[in-house]
Amino acid sequence: MASEDVFIDEIAYPSKITTTKPLSLLGQGITDMEIHFIHVKFYSIGVYLDTEVVSHLQQFKGKPAKELEENDEFFDALISAPVEKFIRLVVIKEIKGAQYGVQIESAVRDRLAADDKYEEEEEEALEKVIEFFQSKYFKKHSVITYHFPANSATAEIVVSLEGKEDSKFVVENANVVEAVKKWYLGGSRAVSTTTISSLASSLSGELSK
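In this report, the structure presented in the accompanying data block is examined. Just so you know, these numbers come straight off a predicted model, no measurement behind them. (Residues numbered from 1 in each chain as written. Predicted model: local features only at pLDDT ≥ 70, side-chain atom pairs only at ≥ 80, totals over all residues. Heavy atoms only, no water.)

**Observations regarding the overall build of the chain**
Point 1. Looking only at helices and strands, the chain has six helices and 11 strands in total.
Point 2. For 209 residues, the compact-globule estimate of 2.2 N^0.38 gives 17 Å, and the chain sits close to it at 17 Å.
Point 3. When the backbone C-alpha atoms are referred to their principal axes, the chain occupies close to 45 × 40 × 40 Å.
Point 4. Across the 209 residues in the chain, those meeting the buried criterion constitute 46%.
Point 5. Sequence-distant contacts, at least 24 apart, represent 64% of the contacts inside the chain between residues at least 6 apart.
Point 6. If you sum the accessible surface of the chain, you get close to 10,800 Å²; carbon and sulfur atoms cover 49% of it.
Point 7. Mean positive and mean negative side-chain charge positions of the chain (23 and 35 charges, respectively) differ by 4 Å. (Helix = DSSP H or I, 4+ residues; strand = E, 2+ residues; numbered from the N terminus. Rg over C-alpha atoms; globule rule 2.2 N^0.38 Å. Buried < 20%, exposed > 50% of the residue type's maximum accessible area, 1.4 Å probe, protein only. Contact = heavy atoms within 4.5 Å. Areas by Shrake-Rupley, 256 points an atom, 1.4 Å probe, with all protein chains shown as cover. Lys, Arg positive; Asp, Glu negative; His and termini not counted. Charge placed at Lys NZ, Arg CZ, Asp CG, Glu CD.)

Take a look at the structure:
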């Protein structure tokens, strides 16, 4: 089924994608920072959700977007809702896979350590994720996706590089998977404030229907 494109920082994202069922683009943003007074953008983010997620967020019905944006309990409920989630990253500033792997490593390790969940199994699972990214090189417009099934504590990572076959990796450690979700969807603790703001706005609208 064709779907219209939405542009996130001039990069086309389909407004809907179909995995096991249709998912809607409900969050969009970028990761960026100021480096020596220059605004550098790293990658764009699109968050696709099963709209049934709204039925798991009813306690937040009627709350304005700004209030949701600042409420980490809302994002915890979003993360734990048993619905399919799909995150699509498109690279803006080229980066070595090893560098991206270091970002994941510190983000996941710090979150798990803070929750007292960083044990040997998590360390091993995280090492395998880093190994998966290690040898890759992400040119502009390379794509990284994370697919979180509805009723499984796994994540499938797919990397699409120009001129190469897609490579896939499945993360099976539930704590590592949850930490990755928190990295992208975790409210004030997430990597992209623009994405969090967009999710709050979209879901506030969905909740008011």
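**Here's the deal with the environment of F133**
Point 1. You can see F133 is positioned in helix α4 (residues 120-134).
Point 2. Not counting chain neighbours up to four residues away, the residues in contact with F133 comprise G97, A98, Y100, I104, F138, I144, Y146, I157 and V159.

**Section: the environment of H141**
Point 1. You can see H141 is positioned in the loop between β8 (137-138) and β9 (143-148).
Point 2. Along the primary structure H141 and P14 are separated by 127 residues, whereas in three dimensions their C-alpha atoms are 15 Å apart.
Point 3. If we skip the residues at most four places from it in the chain, H141 touches I11, V90 and V91.

**Regarding the sheet that holds strand β10 (residues 155-160)**
Point 1. Judged by pairing direction, the sheet is antiparallel, and its seven strands sit side by side in the order β3-β4-β5-β6-β9-β10-β11 without closing on themselves. The open sheet has two free edges, formed respectively by β3 (16-18) and β11 (167-171), since each of these has just one partner strand. Direction aside, neighbouring strands of the sheet carry axes that sit 25° apart on average.
Point 2. Of the pairings in the sheet, the one linking β3 to strand β4 (residues 22-35) comprises three bridges and is antiparallel in character. Bridge pairing in β4 places K16 opposite S24. (Pairing = 2+ DSSP bridges. Axes fitted to C-alpha atoms, helices over the stretch in contact; angles between N-to-C directions.)

**A few points about the packing of helix α2 (residues 72-80) against helix α6 (residues 193-207)**
Point 1. For the pair α2 and α6, the least separation of the axes is 12 Å and the interaxial angle reads 80°. Considering their axes alone, α2 and α6 lie roughly perpendicular with respect to each other. Here F74, F75 and L78 of α2 come into contact with α6, specifically with I196, L199, A200, L203 and L207. (Parallel < 35°, antiparallel > 145°, perpendicular 65-115°, else oblique.)

**Observations regarding α4**
Point 1. End to end, α4 covers 21 Å across 15 residues, agreeing with the expected 21 Å (1.5 Å per residue, within 8%).
Point 2. Of all the residues in α4, the buried ones are E122, A125, L126, V129, I130, F132 and F133. Viewed end-on, α4 has its buried residues packed into an arc of 155°, placing them on one side of the element. Structural note: α4 exposes E120, E121, K128 and E131 on the side pointing more than 90 degrees away from its buried face.
Point 3. Where α4 is buried, its residues contact α3 (97-114), β8, β9, β10, β11 and α5 (174-185). (Expected span 1.5 Å × (residues − 1). Arc of directions from axis to C-beta.)

**Some remarks on the nonpolar core**
Point 1. Core analysis: the biggest nonpolar cluster contains 55 residues, and Y100, F133, Y146, Y184 and L199 have the highest contact counts within it.
Point 2. If one sorts the elements of this core by residue count, α5 sits on top with seven residues.
Point 3. With residues up to four places along the chain from it excluded, the contact list for Y146 reads K85, F86, I87, L89, Y100, I104, F133, E156, I157, V180 and Y184.
Point 4. Grouped together as the second largest cluster of nonpolar side chains are 12 residues, I8, I17, L25 and Y48 included. (Core = buried A, V, L, I, M, F, W, Y, C linked by side-chain atoms within 4.5 Å.)

**Concerning unusual backbone geometry**
Point 1. One non-glycine residue with positive phi stands out, namely E10, at about 70°.
Point 2. Along the chain, the position of E10 falls in the loop between β1 (5-8) and β2 (11-14).
Point 3. Look at H141: it is not a glycine, yet its phi comes out positive at around 75°.
Point 4. Relative accessible area serves as the criterion here: at 49%, H141 is assigned to the partly exposed category.

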